[in-house]
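The lines below spell out each chain.
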Amino acid sequence: LYAARLARLLLSQEDRRKEGGHRSGKLDARRLSQIKAGNTHVFARNSVTKTAETRIMVAVDGSSSMDWSSTLCAILALNKCLGRANVKFDIIEWGGISYSHSSDIFGDAPWIVYHKKASDNWRNVDRGFEFQPCGGDTPTYPSMVGTARIMSEWQEPRRVLLFLTDGVPNGHFNECEMVGNVVKDMRVGGIETYGVYIGGGSLSADDIVRVWMNEMFCDKWTDTSFEKLGETLLGGIEKLLIKGGHAHAA
């Protein structure tokens, strides 16, 4: 159900029009006068032209604070949904390379690994996804910058980022402000960026995390409850896309 609904929001934009001048199809009333002159190209056909291809990046927090089983469940649900929607998407995991857990290291380089590229079959991921949290810290700012650099090289006109995290950056609120500035720049640059809160078990974001997620993503993020995974994760993403003004296929 959610795959079909998300597909309508994520499918490439299409330009539908009738093209005349064909020898078969539906009779084009505008060319009836040409029949007397012997012109047989008086039929019209529907033409569909793609105007904007979509590619999605699923960037998953792999820090030690993430709950392994809950995160895995969310990734597999999202993978199956996007796969059945038949849209191009990538999956990366990001995290810290330091185990110090100090607030002064959030400028360090992030650890990023590819789990799926757009050319890979989603069913391979569905059969054996190896989510391996690297542990350590949560360098949210450099991970966001690194993800933006990857997506800036994509050729697809429409680029969508789903940034999955528990909303606890190394630098706390100060780093959230930095991430928020990057997210604003990404949106200006044409990368639709949405936050997806992934907590442990059935826990929803508490008040502090909500403030941090709002600082990073403004109102373009969704909370996830694993008691209602489809409704909160997939339904939440659906609402974000509609809120973003991209319900062109709905």
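Every chain is numbered on its own, with residues counted from 1 as its sequence reads. Since the coordinates come from a predicted model, pLDDT governs what is reported: local features require at least 70, and pairs of side-chain atoms require 80 or more to be given and counted, while whole-chain, interface and lining totals use all residues. As a rule here, side-chain values come from all non-hydrogen atoms in the structure, and water together with hydrogens is ignored.

Describe the overall build of the chain, listing the residues and the values that go with them.
Each helix is a run of DSSP H or I of at least 4 residues and each strand a run of E of at least 2, with the numbering of both proceeding from the N terminus. In terms of regular secondary structure, the chain is built from seven helices and nine strands. The buried share among the 250 residues of the chain stands at 47%. Of all intrachain contacts in the chain linking residues separated by at least 6 positions in sequence, the fraction that spans at least 24 positions is 76%. As displayed, the chain offers around 12400 Å² of accessible surface, 50% of which is attributable to carbon and sulfur atoms. Each residue is placed in one exposure class: buried if its accessible area under a 1.4 Å probe, protein chains only, is under 20% of its type's maximum, exposed if it is over 50%, and partly exposed if it falls in between. Whether two residues are in contact is decided by their heavy atoms: any pair within 4.5 Å suffices. Only the protein chains shown count as covering a residue, and every accessible area follows the Shrake-Rupley method with a 1.4 Å probe.

Just give me the short version of the side chain of glutamate 93, but keep the residues and values in it.
With respect to the helices, strands and loops of the structure, glutamate 93 is situated in strand S5 (residues 88–95). When charges are counted, neither His nor the chain ends are considered; positive counts come from Lys and Arg and negative counts from Asp and Glu. Think of a salt bridge as a Lys or Arg side-chain nitrogen and an Asp or Glu carboxyl oxygen that are within 4 Å of each other. There is no salt bridge for the buried glutamate 93, and the closest opposite charge comes from lysine 116, which lies 15 Å off by N-O distance. N or O atoms within 3.5 Å of each other form a polar contact, as long as, within protein, one can give a hydrogen and the other can take it, and as long as residues adjacent in sequence are counted only when both atoms are side-chain atoms. Looking at glutamate 93, its side chain comes within polar contact range of the side chain of histidine 115, at 2.7 Å.

I'd like to hear about the environment of arginine 31, residue by residue, with values.
Among the structural elements, arginine 31 can be located in the loop between strand S2 (26–27) and strand S3 (43–52). Classification of arginine 31 by relative accessible area gives partly exposed; the value is 25%.

I'd like to hear about the side chain of aspartate 166, residue by residue, with values.
When you line up the elements, aspartate 166 lands in the loop between strand S7 (158–165) and helix H5 (172–188). One buried charged side chain, aspartate 166, makes no salt bridge at all; its nearest oppositely charged neighbour is arginine 210, positioned 14 Å away. At 2.5 Å, the side chain of aspartate 166 forms a polar contact with the side chain of serine 65. Not counting residues within four places of it along the chain, the set of residues in contact with aspartate 166 comprises Asp61, Ser65, Met66, Tyr197, Ile198 and Val209.

Describe the sheet that holds strand S9 (residues 221–223), and please don't skip the residues or the numbers.
In space, the six strands of this open sheet follow the order S6-S5-S4-S7-S8-S9, with mixed pairing throughout. Where the open sheet ends on each side, the last strands, each with one partner, are strand S6 (111–116) and S9. Averaged over all neighbouring strand pairs, the angle between strand axes comes to 20°, with direction disregarded. Judged from the seven bridges that link them, strand S4 (residues 54–61) and S7 form a sheet pairing that is parallel. One bridge is not enough; two strands pair if DSSP finds at least two bridges between them. Whenever a helix is involved, its axis is fitted only over the stretch in contact; in every case the axis is a line through C-alpha atoms, and angles between N-to-C directions fall within 0 to 180 degrees.

An account of the nonpolar core is requested, with residue identities and associated values reported.
One finds Ile56, Val58, Leu78, Leu82, Leu162, Leu164 and Ile237 to be the most contacted residues of the largest nonpolar core, which totals 33 residues. For this core, the leading source of residues is helix H7 (residues 229–243), giving six residues. In this structure leucine 82 touches Leu10, Ile56, Val58, Val87 and Phe89, once residues within four positions along its chain are discounted. What is meant by a nonpolar core is a set of buried Ala, Val, Leu, Ile, Met, Phe, Trp, Tyr and Cys residues, joined one to another through side-chain atoms within 4.5 Å. In this structure, Ala148, Trp154, Ile191 and Phe217 belong to the second largest nonpolar core, which totals 25 residues.

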